Structure formats: structure tokens, C-alpha cells
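Architecture at a glance
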Amino acid sequence: MCGIAGIIASNARNYQEEIQKMTDAMAHRGPDSSHAEFYDNAALGHRRLSIIDLSENGKQPMFSNTANECIVLNGEIYGYQTIKNQYPEYPYRGSSDTEVILAMYQRKKEKLIHDLPGMFAFAIWDNEKQELFCARDRFGEKPFFYAIGKNNEFIFASEIKSILASGLIQPQVNHDALSHYLQYGYVSTYQSIYSNIFTLPPAHQLIWKDGKFSVSRYYSIPPKDRNISLSEAKEEFTYLLKNAVKKQLIADVEVGSFLSGGLDSSSVVALVAEFLPRQTTISFGYDHKESELKYAKEIADKYHTNHIEVHEKKQDLATALLKISPFFDEPFADISFIPHYEICRNAKKDLTVVLSGDVGDELFGGYDFYRVENTLRNHFSYKNIIAKFGLKLYQNIKETSFITKKNLAHDHILDFHQNFVRNSFNKDEQRSLGIVSDYQQPYSFTPDPDSLNDIMRVDMEGYVPGNMMVKSDRMAMANSLEVRTPFLDVDFAEFCIQLPEQLKLNNENDKIILRESMGSYWTETIRNRRKQGFGMSVKTWFDEENLVNLSNDLLKNRDQKIFNYIDFDAAQKFQKKDHKHWNLLQLALWAHNNQNIL
């Protein structure tokens, strides 16, 4: 895994100092080496975390055999050896996946993107065409930001802090992004927190030429469900997942696995055991009675792994937040980022690459709220005007159920999902804070408001790249660790996205396809488990005096930078040691961390 940077401008060789500052700003993404290459009109920089082809032949920026093309890549191309065999005419100098992209580009130019698997963000400078070709992977595993500098330079990098380090941009806060953050706790994957620094969305490509650039979508997730039986689905599911795991084990360093003891990570570890005689697993747990460590140990024992347990006591959260939050560059309120940072930090002591069980819930229907939405949809009052009218009268007399209340409050399950699930500040509350924007993220398809599968598709294009992959990338890279996600193998993910709803969940069970396909790989205890997080809550965290003191410093002082963007008096009403309070605290931390540039 690496960090990439570039400046496209006339007399690009004059930007050596700027490129150096950009790569230095993200040294954590690639501590093994730093390098830059220059053409007359293009400067490319790279920070390397050596994983495949550890020799000088794997160094980036990497020139093609003709030196006409030069690439910087952040990511991994899974199955690149097979692709390499399809381009035998290219005179390879090394054994890296990066060089395979150059071979593909020489034959297919921009069309190569349709045949490129894996997680990636890359840029190729074509000197003959005087053109830059950039692309980001289908599910947003790797980041790509860009901006136009004060002298009309085109600037790109893996992180916002790298673009800012160039000194060529004076950032301006994006109020649409603020609105999305306040509602959901993260910035949309189609935006950045700054209105003049942009993100290349997942599954999009960018072409720069003659001072202009165009952005277009090259991939859309499958919008329709397949008609497939359970027996057929189990066979294909197992075959595709084994293949995904096998491809992601390729590296010139040891590959380990995160193991929570949940269904998803247990499945990954079980399949790794079919390919590696001895694997390293690592588990994280806070020392309290709901810790997941005991479940993880069951799987580790079953597969005889070299198992590492990380026991964390309740720590000084204020100190942790001040240390960790700057790695995001944007406000980010997912409460699990601190334990995620800690497991990555501990994993790095023994490993450079780790497999993760992320995104199983979105692909297999694992969240409790999906089951709630299924219940909402099957309630007699769902989209029934007469029943709703009667229930509105009835609730004035007698307390009604949660399902009834939500059916009355929302037009359909998609409305419930987007405006209740994982929501923090609603529109009225945002307006009270002085935020009047109403940004709606686009999707590659038109969701059916009554379809659970389409809600999962919405999560695959919104929550997964905007929250889950941001957390995974930033926390891993903060510790110079590469995290790979087998469930996002494009063939496997596409298959799961298209599975009919009844193979994912019903009123009694979740993750049906996973349980049916992988159940024999687990222990009895694991088979009977329900989903569990890290076991800590925001309310518990606000019991810590140091965290309250930090909150008071940042949220009860009118002079703090956050109050350039939200109303001070309104913000005082939302400090109730809950998710809204946590959301505001992370926003205040971001503003505090960046006060010198805002």
C-alpha cells in the first residue's frame, strides 16, 4: 500500500519542493521509500509500503519500457499474474502488479479499467498524448483527491493533507459536506469537506488534457436480482469466496487476518487455512464482560493459528482522539475508529498485510435494521393510507409499537433507512445549527423504495465507501499497514449483490447464504452468535472526565473554529453525552486540528 501525489503544470520540474512536501505529508502511507519523477509538464510522487516485488524493480513512480508512460499506484491488483500472461508482448523488468497496468495501458489505453480487478487509485501520465489518466476502484477501498491550484495546476494525492501541503490551495469549507456529515457522521464519498478539493468517486475515472478534465463512471453495481436456488447459490458462493481469499493472499510478505469471532472474519480465517499451513490471526477486545476475544479464540484454536490477542483497558480517550483524528483530514464520527486504530497498531508489530471480514453485513443482510425494515414492509399499515389514518387516531389514545410509529413517520423503508438509520442530526436540527444545505448523494441506479436489496445497494455505494472504507484505509495507513477485503472481490461482491432477498434474511435469521455455505467451517458457538461490536458505547465514553474536559474546551468556547460554521448557542443544546454530542465533538476536533488553514 502506498501514497501517491502529482502536479500537472507547465514547467513541472519547478515543483520539486511541492512534490516533496506532498509525499512527506503522508509518509505513514509508505515508510519504506519516497521518490519522484518529472516530465516537462508532469511531476509524480510516491511513498512506498513494500508488499509485492520488494526489489528496486517495484519502485514507483514507475516508467514503462518506452518511458513515455509513468504510473503511480496505491493499491493491489488481485490475480495480476493471470492478467500478466495475457500481455506477453510487454518486456517486464520486475514482478510487480504495477507494471501489469502499464502493459495493459499500452495496448488498451483507458479501456484497461474494465478489466482491472482489485483495490486501487492510480494515475498514468502519457507524455506523447500530454494526458493524465486516473481511476479509483469500484467500491472505494482506496482514496483519490484532486484540486486546481492557484496557478491552474492540476494536483492529486491519496490524502487531503498532501494536497494542502503543496501550498497551492487555500481550502474553503463545503457546507453541503457539513450537512451530510451532521446527518450521517461522515462526508459523502462524492465530496470532500472542502468545496475546492474534490474526491474522485468510487468506480469513476478522470482524464486531464489541455488544462481541462472530465470525470465519468466506468462501472455500476448490478441493479437487478438473480433467480437462483439456495443449493446453486451455496456452491457458487463458496467457489467465489475461496477464489477471492486465494488471490488476496499473494504477497512477498506475510499475510495475516483480523479475527473478531464473528461470522464474517471467522469465514475468512477458515478459508485462509485451506491455502496457508500456518496463519497469524489478531483479535482486539476491551477488558469487559462482553469482550469478543473468547469467540475469536475458538476459531483460532480450531484452525491452529498463530493467534495474537490485544487486550485494551479503558484508556484516556481524549489523548487518543487528539492523536488519531488528524489522520482522517475530515470530520468522522464512527465510534469504532479508536479500537480500529489500536488493532491496526498492534497488527503492524508482526504484520504488513491483513485480511478483513468487512462488508459482510451489507452483502449478506447482517444488520439488525435490515430485519426491522423487513418487518416494517410486512406490517399491515405499510403504505396503507386508511390503516395509517386509523393508527394516527389510535395512538392519541394508546401507546403504539416502534414499528407502527416508524410506518407512520416514513413513506417507505428507503425513507426510514436514509432518515432514521445511522442518523444523527435531522434537517430541522441542522437548520437550528445554521446549516441549510440539503445534499443528496447520487447512485448508479434508481432504488426501489420497497426493496431491501436496493437498500443494501444504497449502503454499498454510500456507507461502505464513505464510512467503512475510509475508516479501514486511514486507520491502517496511519500504522503503515495494508488491509485487504476479500468480500469486495468484484466477482464475489457482484454475485452477493444480485442474490434474492430471501437468501439473505427473513423474519427469523440473517446472513442466510453465509450460514448455509460456511456454517460447517465454524464452531457451534459461532454458528449461534448474533452480531456484536467492540462493546463500548458513546455514553460509556462520556463517563471519562478527560473526554468531558476536551468536549468543554472545544464546544463551550465561542472562540473555537467550529463556531465559524455552526451556531454556538444551538450547539449547547445538543451536548447530552449521546451520538449527537459525539458528532459535534468530532466536528470540533477537525476544526481544531485544521485551525491554521481554515
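None of the values given here were measured: they were computed from a predicted structure.

Details of the overall build of the protein chain
Secondary structure assignment for the protein chain yields 25 helices and 17 strands. Here the C-alpha atoms of the protein chain give a radius of gyration of 24 Å, agreeing with the 25 Å that 2.2 N^0.38 yields for 598 residues. Here the C-alpha coordinates of the protein chain stretch approximately 80 × 60 × 50 Å along the principal axes. The burial tally for the protein chain puts 62% of its 598 residues in the buried class. In the protein chain, once contacts between residues fewer than 6 apart in sequence are set aside, the share between residues at least 24 apart is 71%.

What about the packing of helix H5 (residues 175-184) against helix H25 (residues 579-593)?
Each pair of packed helices can be summarised by the angle the axes make with each other and by the distance between the axes. Contact pair H5 / H25: the axes reach a minimum separation of 9 Å and the direction vectors enclose 145°. Taking contact as the criterion, the partners of Leu-178, Tyr-181 and Leu-182 in H5 are, on H25, Asn-583, Leu-584, Gln-586 and Leu-587. Taken together, the residues of the contact of H5 with H25 sort by class into five nonpolar, two polar and no charged.

Some thoughts on the sheet that holds strand S7 (residues 131-136)
Within a beta sheet, neighbouring strands are joined by backbone hydrogen bonds and run either parallel or antiparallel to one another. Within the open sheet, the six strands sit side by side as S4-S5-S6-S7-S11-S12. Their pairing is antiparallel. Strands with a single pairing partner mark the edges of an open sheet, and in this sheet they are strand S4 (62-63) and strand S12 (212-217). One ladder, built from five bridges, connects S7 with strand S11 (residues 204-209); its direction is antiparallel. Bridging across to S11, Ala-135 finds its partner in Gln-205. Here helix H3 (residues 97-108) sits on the sheet in contact with S4, strand S5 (69-76), strand S6 (119-126) and S7, set at roughly 130° to S5.

A word on the state of the cysteines
Counted under the stated rule, the structure contains zero disulfides. With no disulfide of its own, Cys-2 lies 14 Å from the sulfur of Cys-70, the closest cysteine sulfur. No disulfide involves Cys-344; its sulfur sits 17 Å from the nearest other cysteine sulfur, which is in Cys-2. Among the residues examined, Cys-344 registers a relative accessible area of 0% and is labelled buried.

Some words on the sheet that holds strand S2 (residues 33-38)
The strand order across the open sheet formed by six strands is S2-S3-S1-S9-S8-S10, and the pairing between neighbours is antiparallel. Either end of the sheet is taken by a strand with one partner, and the two such strands are S2 and strand S10 (197-199). Between one strand axis and the next, the sheet turns by 15° as a mean value, whatever way the strands run. Bridge count between strand S8 (residues 145-148) and strand S9 (residues 154-157): four bridges; the pairing is antiparallel. Its bridge partner being in S9, Phe-145 is matched across the sheet by Ala-157. Most of the contacts of helix H1 (residues 16-24) go to strand S1 (residues 2-8), to which it runs at about 155°, and overall it touches S1, S2, strand S3 (42-48) and S9.

Some thoughts on the pattern of salt bridges
Tallied over the entire structure, the rule returns 38 salt bridges. Across the salt bridge formed by Lys-580 and Glu-429, the nearest N and O atoms sit 3.8 Å from each other. One end of the pair, Lys-580, is in helix H25; the other, Glu-429, is in helix H16 (residues 427-432), with 151 residues separating them in the sequence. Each member of the salt-bridge network shares a partner with another, and the members are Arg-29, Lys-142, Glu-159, Lys-161, Asp-329, Asp-473 and Arg-474.

Here's the deal with the nonpolar core
Core analysis: the largest hydrophobic core is formed by 177 residues, its most contacted members being Phe-122, Phe-237, Ile-338, Leu-363 and Trp-582. With near-sequence residues (within four places) excluded, Phe-122 lies in contact with Ile-4, Ile-71, Val-72, Leu-73, Leu-112, Ile-113, Leu-116, Phe-133, Cys-134, Ala-135 and Phe-144. Among the nonpolar cores identified, the runner-up in size contains 19 residues, and Ala-121, Trp-125, Tyr-146 and Leu-206 belong to it.

Considerations on the packing of helix H12 (residues 368-378) against helix H14 (residues 402-409)
One can describe the packing of H12 onto H14 by two numbers: an axis separation of 10 Å at closest approach and a directional angle of 75°. In terms of orientation, H12 and H14 fall into the roughly perpendicular class. Contacts between H12 and H14 pair Val-372, Thr-375 and Leu-376 from the former with Phe-402, Ile-403, Lys-406 and Asn-407 from the latter.

A few points about helix H19 (residues 490-498)
The element H19 is extensively covered by neighbouring structure, given that seven of its nine residues are classed as buried. Buried-residue contacts for H19 involve helix H6 (230-248), helix H11 (360-364) and helix H17 (452-461).

Structural notes on the environment of Gln-430
Here Gln-430 lies in helix H16. A relative accessible area of 1% means that Gln-430 is categorised as buried. Sequence separation between Gln-430 and Leu-182 is 248 residues; the distance between their C-alpha atoms is 7.2 Å. Setting aside chain neighbours within four positions, we find Gln-430 in contact with Ser-179, Leu-182, Gln-183, Phe-425, Ile-435 and Ser-437.

Observations concerning H3
Taking 1.5 Å per residue as the helical rise, H3 with its 12 residues ought to reach 16 Å, and the 17 Å between its terminal C-alpha atoms agrees with that figure. When you tally the buried positions in H3, you get nine out of 12 residues, the bulk of the element. Those residues of H3 that sit buried are Asp-97, Thr-98, Glu-99, Val-100, Ile-101, Leu-102, Ala-103, Met-104 and Tyr-105. Contact partners of the buried residues in H3: S4, S5, helix H2 (80-85), S6 and S7. Just downstream of H3, Lys-109 is the residue with a positive phi angle, here 55°.

Regarding unusual backbone geometry
Each neighbour pair has its own omega, and for Gln-60 with Pro-61 the value is -5°, a cis peptide bond. With respect to the helices and strands, Pro-61 occurs in the loop between S3 and S4. With a phi close to 55°, Lys-109 is a non-glycine residue in the positive phi region. Looking at the secondary structure, you find Lys-109 in the loop between H3 and S6. The partly exposed category is assigned to Lys-109, whose relative accessible area is 26%. Unusually for a residue other than glycine, Ala-203 sits at a positive phi of about 65°. Mapped onto the elements, Ala-203 comes out in the loop between S10 and S11. Classification of Ala-203 by relative accessible area gives buried; the value is 2%.

Conventions we followed
Residues numbered from 1 in each chain as written. Predicted model: local features only at pLDDT ≥ 70, side-chain atom pairs only at ≥ 80, totals over all residues. Heavy atoms only, no water. Helix = DSSP H or I, 4+ residues; strand = E, 2+ residues; numbered from the N terminus. Rg over C-alpha atoms; globule rule 2.2 N^0.38 Å. Buried < 20%, exposed > 50% of the residue type's maximum accessible area, 1.4 Å probe, protein only. Contact = heavy atoms within 4.5 Å. Axes fitted to C-alpha atoms, helices over the stretch in contact; angles between N-to-C directions. Nonpolar A, V, L, I, M, F, W, Y, C, P; charged D, E, K, R; others polar. Pairing = 2+ DSSP bridges. Disulfide = S-S within 2.5 Å. Salt bridge = Lys/Arg side-chain N within 4 Å of Asp/Glu carboxyl O. Core = buried A, V, L, I, M, F, W, Y, C linked by side-chain atoms within 4.5 Å. Parallel < 35°, antiparallel > 145°, perpendicular 65-115°, else oblique. Expected span 1.5 Å × (residues − 1).

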